[in-house]
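Listed here are the chains, written in short residue letters.
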Amino acid sequence: MDRLSIRGGRPLNGVVPISGAKNAALPELCACLLTAQAVTLENVPRLQDVATMFKLIRNMGVKVERNDVDGVVSVNAGGLITPEAPYDLVKTMRASVLALGPLLARFGRARVSLPGGCAIGSRPVDQHIIGLTAMGAEIVVEHGYMIAKLGQGLTRLQGARIATDMVTVTGTENFLMAATLAQGETILENAAQEPEIGDLAEMLIAMGAKIEGHGTSHIRVEGVDSLHGCRHRVVADRIEAGTFLCAVAATGGDVLLTNGRADHLEAVIEKLRSAGASVTAVDGGIRIQSSGRLKAQSFRTTEYPGFPTDMQAQFMALNCVSSGSATVTETIFENRFMHVNELVRLGARIQIDGRIAVIEGVEKFSGATIMATDLRASAGLVIAGLVGDGDTVVDRVYHLDRGYDQMESKLRALGADIERIRT
Ligand code: UD1
């Protein structure tokens, strides 16, 4: 298992390119299952989760070709497709559940393993099942698999009104994809509004889907008989951008994030500004300048456009070495404070009470060996290492590789002293 070795204390300066969004590329690769024609995706990030999704759809019979120079991926689901997602592939990536909606919509049946993924809570898929059932699917859970087919007498999914109990990102994406080929109108109430959903909707529209209201909590889809191929560029990764912003805020420095979308990160940028960093939307990106010790900021994670749960660990690492105290409330996942014990090993002062973490800022972290526990937690630990006194070794970097495109080489180009130890 690879590790990252970081010698802290260097400011970050320069230019960093932001890659395409993991959480847009994954549903968009699944959306390719909706058509027999070729789809070209641009700006697909090089990540372990994307490689897993390639494997998952290739295993179904889909042709996937990647051009590593420019992130262009060609996908063709025109051959004989086996609508199955086996446990071995699904277990490492919860987003595999995104295959369920498109497979049911195009082939009328699917067999998809129940997901594994990050250990950040129980993360059930009950809403996915309830919503697709409302669209006419019959789904049974047997031997760890969701076995889905169309209800009796149906030849395709049926439009429906779906109001989920909570806002779910991949749930909204599954329903959106399924609804494009359903008969009649589907209304999604309580839909998630994340920019990745808007990006998926734009891709589906380019494939011939009829969608209105994406980007709001009320999405309307008029089903069509078939979708065609398209060329689509994956939106920039707001979480990668937010991670670099927190890293620079913590280390100090002056960095331009090219392709970064400030309009997708307003909640995080507002907190960084209150903390004392200068963050500006510039032509083609985001610029951050930070010097001196910042002020700790309290925040609550909520659905978009609120503060993203996927930025909680990174901002917490920044808070730990800021002045004053702050509370961080995690409202989306029940077990997303696993990085806290590791940060405490580095000298942070954090008390947890249920879903609330109370942080008292300390002058600096003190380098040690720590263990990554999930994807975004790993990014928080890397930030801690960058401002640590001495050497920090982050173990189990495979979590980071799931969702960050060449993080250590991007950080090294900005001046960080960081290297991968391959074992
Ligand atoms: C997506 C993102 C993930 C992010 C999360 C919240 C992808 C591939 N992943 O995950 O990076 O952290 O949104 O912004 O886009 N829930 C249920 N039943 C369900 C579905 C969800 O109880 O059927 C609960 C979850 O346990 C969680 C909450 O709803 O507490 C939100 O989860 P959801 O938005 O579905 O997260 P994901 O789509 O899995």
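The structure displayed is predicted, hence computed values, not measured ones.

A. Structural context of the overall build of the protein. Counting its regular elements, the protein contains 14 helices and 26 strands. By the compact-globule yardstick of 22 Å for 423 residues, the protein fits well, its C-alpha radius of gyration being 21 Å. With the principal axes as the frame, the protein shows a C-alpha extent of 65 × 45 × 40 Å. Scored against the burial criterion, the 423 residues of the protein give a buried share of 58%. Summarising the internal contacts of the protein: among those between residues at least 6 apart in sequence, 74% fall at separations of at least 24. If the 42 positive side-chain charges of the protein are averaged to one point and the 47 negative ones to another, these points end up 3 Å apart.

B. Expanded view of the site of the ligand. Close to the ligand lie 19 residues, the nearest being Arg-94, Asp-126, Thr-170, Asp-310 and Ile-332. Protein contacts shield 88% of the accessible area of the ligand, which totals 740 Å² for the unbound molecule. Looking at the shell around the ligand, the elements that each hand over two or more residues are α5 (126–134) and α6 (169–180). The element best represented in the shell around the ligand is α5, accounting for three residues.

C. Structural view of the nonpolar core. Counting residues in each nonpolar core, the largest one holds 77 residues, and the members touching the most others are Met-60, Leu-176 and Leu-204. Residue contacts for Met-60: discarding those within four places in its chain leaves Leu-33, Leu-80, Ile-81, Thr-82, Glu-84, Ala-85, Ala-99 and Leu-103.

D. A look at the domain arrangement of the protein. Segmentation of the protein into domains returns domain 1 (3–18 + 236–421) and domain 2 (22–233). Contact with domain 1, which involves 20 residues of that partner, is made by 19 residues of domain 2. Carbon and sulfur atoms supply 49% of the area that domain 1 and domain 2 bury against each other, a total of about 1,800 Å² over both sides. At the junction of domain 1 with domain 2, the criterion picks out two salt bridges. In this structure, Arg-402 engages Asp-49 in a salt bridge whose closest nitrogen and oxygen atoms are separated by 2.9 Å. If you look at where domain 1 meets domain 2, you find six residue pairs in polar contact (both at pLDDT 80 or more). Elements supplying a minimum of two residues to the side of domain 1 that touches domain 2: α12 (375–386) and α13 (398–403). Ranked by residue count, the leading element in the side of domain 1 that touches domain 2 is α13, at three residues. Residues belonging to the side of domain 1 that touches domain 2 are distributed by class as follows: five nonpolar, four polar and eleven charged.

E. Structural detail: the side chain of Gln-312. Checked against the element boundaries, Gln-312 lands in helix α10 (residues 312–320). A residue is classified by how much of its surface remains accessible, and Gln-312, at 0% relative accessible area, is buried. For Gln-312, the residues in contact, after removing those within four places along its chain, are Phe-299, Thr-301, Phe-307, Val-328, Glu-330, Arg-336, Phe-337 and His-339.

F. Expanded view of the sheet that holds strand β14 (residues 231–233). With mixed pairing, the four strands of this open sheet are ordered in space as β4-β5-β3-β14. Edge positions in the sheet fall to β4 (63–67) and β14, since each has one partner strand and no second. Going from strand to strand, the sheet's axes swing by 15° on average, the running direction of each strand aside. With four bridges connecting them, strand β3 (residues 38–42) and strand β5 (residues 72–76) associate as antiparallel partners. Residue pairing in the sheet places Leu-41 in a bridge with Val-73 of β5. Sitting on the sheet, helix α2 (residues 48–60) touches β4 and β5, and the angle it makes with β4 is about 150°. Each of β3 and β14 is contacted by helix α7 (residues 195–206), which is oriented at about 165° to β14, the strand it contacts most.

G. Molecular detail of the packing of aromatic side chains. For the structure shown, the criterion picks out three aromatic pairs. Taken together, a centroid distance of 4.0 Å and an interplanar angle of 20° make the contact between Phe-299 and Phe-307 stacked. There is no split in this pair, since Phe-299 and Phe-307 are both buried. An angle of 70° between the planes, with centres 5.4 Å apart, marks the rings of Phe-299 and Phe-315 as edge-to-face. Of this pair, Phe-299 sits in strand β18 (residues 299–300) while Phe-315 sits in helix α10, and the two are 16 residues apart along the sequence. For the pair Phe-299 and Phe-315, a shared accessibility class is recorded, and that class is buried. Grouped by ring-pair contacts, the aromatic residues Phe-299, Phe-307 and Phe-315 constitute a single cluster.

Cut-offs used in this document
Residues numbered from 1 in each chain as written. Predicted model: local features only at pLDDT ≥ 70, side-chain atom pairs only at ≥ 80, totals over all residues. Heavy atoms only, no water. Helix = DSSP H or I, 4+ residues; strand = E, 2+ residues; numbered from the N terminus. Rg over C-alpha atoms; globule rule 2.2 N^0.38 Å. Buried < 20%, exposed > 50% of the residue type's maximum accessible area, 1.4 Å probe, protein only. Contact = heavy atoms within 4.5 Å. Lys, Arg positive; Asp, Glu negative; His and termini not counted. Charge placed at Lys NZ, Arg CZ, Asp CG, Glu CD. Near = heavy atom within 4 Å. Areas by Shrake-Rupley, 256 points an atom, 1.4 Å probe, with all protein chains shown as cover. Core = buried A, V, L, I, M, F, W, Y, C linked by side-chain atoms within 4.5 Å. Domains from an automatic or database assignment. Buried area = accessible area lost by both parts, 1.4 Å probe. Salt bridge = Lys/Arg side-chain N within 4 Å of Asp/Glu carboxyl O. Polar contact = N/O pair within 3.5 Å; in protein donor to acceptor, adjacent residues only side chain to side chain. Nonpolar A, V, L, I, M, F, W, Y, C, P; charged D, E, K, R; others polar. Pairing = 2+ DSSP bridges. Axes fitted to C-alpha atoms, helices over the stretch in contact; angles between N-to-C directions. Phe/Tyr/Trp six-rings, centres within 6.5 Å; stacked < 30°, edge-to-face > 60°.

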